[in-house]
Amino acid sequence: TPYGGKTQITLPDGTAVWLNSGSSIVYPDRYKNERVVTLNGEAYFDVTKQKKPFKVKSAFGDVEVLGTRFNVKAYEGENFVTTLESGSVVFTSPQGKKVALQPGSQVTFDTKNITTAKVETEIFTSWKDGKLIFRNEPLQNIITRLERWYNVDIKLKDDKLKDLKYNGTIEMETFSEVLELIKVTTPIKYSFDRNTRVL
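In this report, the structure presented in the accompanying data block is examined.

What to know about helix α3 (residues 175–185)
Consideration 1: Looking at α3, one finds that the buried residues are Phe175, Val178, Leu179 and Ile182. Across the axial projection of α3, the buried residues extend over an arc of 100°, all falling on one side.
Consideration 2: Among the structural elements, α2 (139–150), β14 (153–155), β15 (165–170) and β17 (196–198) are those in contact with the buried residues of α3.

The structure is reproduced here in structure tokens:
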């Protein structure tokens, strides 16, 4: 899926997958003993329940399920995050450490440490419905998501801006409208040319 886009596909077993911007998935034409896909980026899965396990492989570890709804974020250079809406999943790190999740919980892996937390799942899965939700989110994280969402480059001129925190929901707004909202709520000026936006 290119930056600025989202894709919805159905796998050979009937599992529905939503791919977020800048993401790719590899899967076979037909499943044999187990159902395995390889993910680079972010995807939401609504897995068809079967006896064969369903496994999502990534460079950061594997997530295994039988039938469930969950989100996996495995972008290069960012923490690996799995958020579970329903059912159950098991995350296995590259070092072999396993963590089981219950609905409404999330596992984060930063290549060394694994942490779990109870979360409001909609914040992490609403992108598939065309919404970005932020709750006390640092501007640095928001910029990363906006760059993928709108297929733009954003540069911060002042490092102090990185830690500004925001709450809000972006649904149908254009990128220019989002910049105006940021400008209205905090003392930030912005400029842009064809390729880069500077805050």
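Having seen the structure, we can now continue with the description.
Regarding the environment of Gln140
Consideration 1: As for its placement among the helices and strands, Gln140 is situated in helix α2.
Consideration 2: The spacing of Gln140 and Leu164 is 24 residues in sequence and 8.2 Å in space, taken between C-alpha atoms.
Consideration 3: If we ignore the near neighbours within four places in the chain, the residues touching Gln140 are Leu156 and Lys162.

Things to note about the packing of aromatic side chains
When we look at a pair of aromatic rings, we describe it by the centre distance and by the angle of the planes.
Consideration 1: Taken as a whole, this structure holds 8 aromatic pairs when the rule is applied.
Consideration 2: With a centroid separation of 6.3 Å and an interplanar angle of 35°, the aromatic rings of Phe60 and Phe80 are classed as tilted. Taken as a pair, Phe60 in the loop between β5 (54–58) and β6 (61–65) and Phe80 in strand β8 (residues 80–86) lie far apart in primary sequence, 20 residues in all.
Consideration 3: An aromatic cluster of three or more residues is present, and its members are Phe60, Phe80, Phe91 and Phe109.
Consideration 4: The ring centre of Trp18 lies 5.3 Å from the NZ or CZ of Lys128, which sits over that ring.
Consideration 5: The ring of Tyr75 has Arg148 sitting right over it, with the charged end atom 3.3 Å from the ring centre.

Some details on the environment of Lys165
Consideration 1: Mapped onto the secondary structure, Lys165 falls in strand β15.
Consideration 2: Counting along the chain gives 55 residues from Lys165 to Asp110, while the straight-line C-alpha distance between them is 22 Å.
Consideration 3: Those residues in contact with Lys165, other than ones at most four positions away along the chain, are Asn136, Glu137 and Pro138.

Let's talk about unusual backbone geometry
Consideration 1: Even without glycine at this site, Asn136 takes up a positive phi of about 55°.
Consideration 2: Topologically, Asn136 is positioned in strand β13 (residues 132–138).

Observations regarding the pattern of salt bridges
Consideration 1: Per the counting criterion, the structure on display carries 9 salt bridges.
Consideration 2: Its salt-bridge partner being Lys128, residue Asp129 comes within 3.3 Å of it at the nearest N-O pair.
Consideration 3: Through salt bridges with shared partners, one network takes in Lys73, Glu78 and Arg148.

About the cut-offs
Once a new chain begins, its residue numbering starts again from 1 and follows that chain's sequence as written. This being a predicted model, a pLDDT of at least 70 is required before a residue's local features are given, and a value of 80 or more before pairs of side-chain atoms are given or counted; all residues contribute to the totals for chains, interfaces and linings. Heavy atoms throughout the structure, all of them, feed into the side-chain values; hydrogens and water do not. Between buried and exposed lies partly exposed: a residue is buried under 20% and exposed over 50% of the maximum accessible area for its type, with that area taken using a 1.4 Å probe on protein chains only. Numbered from the N terminus, helices here are DSSP runs of H or I no shorter than four residues, and strands are runs of E no shorter than two. Throughout, the arc means that of the directions going from the helix axis to the C-beta atoms. Every residue pair with non-hydrogen atoms within 4.5 Å of one another is taken to be in contact. For Phe, Tyr and Trp, where Trp contributes only its six-membered ring, two rings pair if their centres lie within 6.5 Å, and the inter-plane angle classes them as stacked under 30 degrees, edge-to-face over 60, or tilted in between. To sit over a ring, a charge needs its Lys NZ or Arg CZ within 6 Å of the ring centre and within 35 degrees of the ring normal. Salt bridge criterion: a side-chain nitrogen from Lys or Arg within 4 Å of a carboxyl oxygen from Asp or Glu.

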